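# A closer look at the structure
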Amino acid sequence: MRLKISEKLEHHIITNHSDENLYVADYKHYENHYGLEKNEGKVVILNTFQDDWKSVHLSNENQVDICFDGFEDNALPSEAAGIQNSQCECVLFPNNFNANSWILFIETKYSASFENAFRKENNYPHSMTNQIIETVKYLREKDIIPAEKKVHAIVSFPNLAEEFNSYFFQGKEIEILKEHKILIRATNSALIKSEKRITLKSI
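Residues numbered from 1 in each chain as written. Predicted model: local features only at pLDDT ≥ 70, side-chain atom pairs only at ≥ 80, totals over all residues. Heavy atoms only, no water.

### Side note on the overall build of the protein
Test applied: Counting from the N terminus, the helices are DSSP H or I runs at least four residues long and the strands are E runs at least two residues long. Within these notes, the globule rule equals 2.2 Å times the number of residues to the 0.38 power, and the radius of gyration is based on C-alpha atoms. Any two residues whose heavy atoms approach within 4.5 Å at even a single point are treated as in contact.
In terms of helices and strands, the protein carries six helices and eleven strands. For 203 residues, the compact-globule formula gives about 17 Å, and the C-alpha radius of gyration of the protein, at 16 Å, lands near that figure. Projected onto the principal axes, the alpha-carbon positions of the protein cover approximately 40 × 35 × 35 Å. Taking contacts inside the protein between residues at least 6 apart in sequence as the whole, the part at least 24 apart equals 66%.

Structure follows, in structure tokens:
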């Protein structure tokens, strides 16, 4: 999979990580909150917890070697002029990738409160889910991911400590799995068990 991304999306930078704990964070709006820049406003993966900016925690006790592709702006170019494809924050997968390996997509929103996260006018459940679906669809169309392969996805509110999965999907996870072959959860953490197994955890 790494080779396919490198061949078809040449500007993407893929890095390897095998730490016991990994933290995925989107620093795009960090400057807006703190008046300074950190990690150049990018989606990053770190091996230490950051007190000043929340993240999605990936527990990797078996130290599986994984690949991380943090998407920059316009990471999924369109052939049509002036069109920008919808995208999520990143994709991760085992370095020793094969047909039985997992693939994980992550989308985050840094809402400061439960009320803001689920405010009707923000429409985060729809927009975040759509960003995941469109990213997976794009990579399938590019033959980077097989059309029939099931993938995993996390939609996350890193600032929220309370359980929000049931509020997010309201029972639509099965529909998404059947229609798009995406096993999706609203959570802030996952457990990497092996190159073949990953569990999306509840808060």
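Read on for the rest.
### A closer look at unusual backbone geometry
The test is simple: When a residue's accessible area, from a 1.4 Å probe over protein chains only, is under 20% of the maximum for its type it is buried; when over 50% it is exposed; and in between it is partly exposed.
The phi angle at Gln63 is positive, at roughly 50 degrees, despite the residue not being glycine. Assignment of secondary structure puts Gln63 in the loop between strand 4 (56-59) and strand 5 (66-70). Phi is positive for Asp143, which is not a glycine, with a value near 60 degrees. Within the secondary structure, Asp143 sits in the loop between helix 4 (124-141) and strand 8 (151-156). Looking at Asp143, the relative accessible area reads 43%, which means it is partly exposed.

### A short note on the sheet that holds strand 9 (residues 182-186)
Counted only if it meets this: In this description, strands pair whenever DSSP reports at least two bridges between them. Only the contacting stretch of a helix is used when fitting its axis, a line to C-alpha atoms as for every element, and angles between N-to-C directions run 0 to 180 degrees.
Strand order in the open sheet made by the six strands is 1-5-6-7-8-9, with mixed pairing throughout. Bordering the open sheet on either side are strand 1 (14-17) and strand 9, each of which pairs with just one other strand. For this sheet, the mean inter-axis angle between neighbouring strands, taken without regard to orientation, is 25 degrees. Bridge count between strand 8 and strand 9: five bridges; the pairing is parallel. Bridge pairing links Val151 to Ile182 in strand 9. Against the sheet, helix 4 engages strand 7 (104-108), strand 8 and strand 9, with an angle of about 145 degrees to strand 7.

### Some points on the environment of Asp26
For Asp26, the location among the structural elements is in strand 2 (residues 21-26). The exposure class of Asp26 is buried, given its relative accessible area of 7%. Spatially, the C-alpha atom of Asp26 lies 12 Å from that of Asp73, the residues being 47 residues apart in sequence. In contact with Asp26, other than residues within four places in its own chain, are Lys42, Val43, Trp53, Glu89, Thr108 and Tyr110.

### Let's talk about the environment of Ile198
Among the secondary structure elements, Ile198 is positioned in strand 11 (residues 198-200). Between the C-alpha atoms of Ile198 and Lys181, which are 17 residues apart in sequence, the distance is 16 Å.

### Structural notes on the sheet that holds strand 4
With respect to topology, five strands assemble into an open sheet ordered 3-2-4-10-11, the strand pairing being mixed. Two strands close off the open sheet at either side, each with one partner strand: strand 3 (43-46) and strand 11. Geometrically, the sheet is characterised by an average inter-axis angle of 20 degrees between neighbouring strands, direction not taken into account.

### Topic: the state of the cysteines
The condition that has to hold: What counts as a disulfide here is a pair of cysteine sulfur atoms lying within 2.5 Å.
Inspection of the entire model under this criterion finds zero disulfides. In this structure Cys67 is not part of a disulfide, and its nearest cysteine sulfur, from Cys90, lies 13 Å away. Note on Cys90: no disulfide assigned, nearest cysteine sulfur contributed by Cys88 at a separation of 6.4 Å.

### Quick notes on the side chain of Ser55
Residue placement: Ser55 occurs in the loop between strand 3 and strand 4. Residue class for Ser55 comes out buried when judged on its relative accessible area of 12%. Sequence-distant contacts of Ser55, defined by excluding residues within four places in its chain, comprise Tyr23, Val24, Ala25, Phe49, Tyr110, Pro158 and Asn188.

### Section: the nonpolar core
Heads up, the rule is: For our purposes a nonpolar core is just a set of buried Ala, Val, Leu, Ile, Met, Phe, Trp, Tyr and Cys residues, chained together by side-chain atoms within 4.5 Å.
Of all hydrophobic cores here, the largest spans 36 residues; its most connected members are Phe105, Ile132 and Ile182. Sorting the residues of this core by element identifies strand 6 (90-94), helix 3 (114-117), helix 4, strand 8, helix 5 (165-169) and strand 9 as the ones contributing at least two each. Apart from residues no more than four positions distant in its own chain, Ile182 is found in contact with Ile132, Ile133, Val136, Val151, Ala153, Ile176 and Leu177. By size, the runner-up hydrophobic cluster in this structure holds 19 residues, among which are Ile45, Leu58, Ala190 and Ile198.

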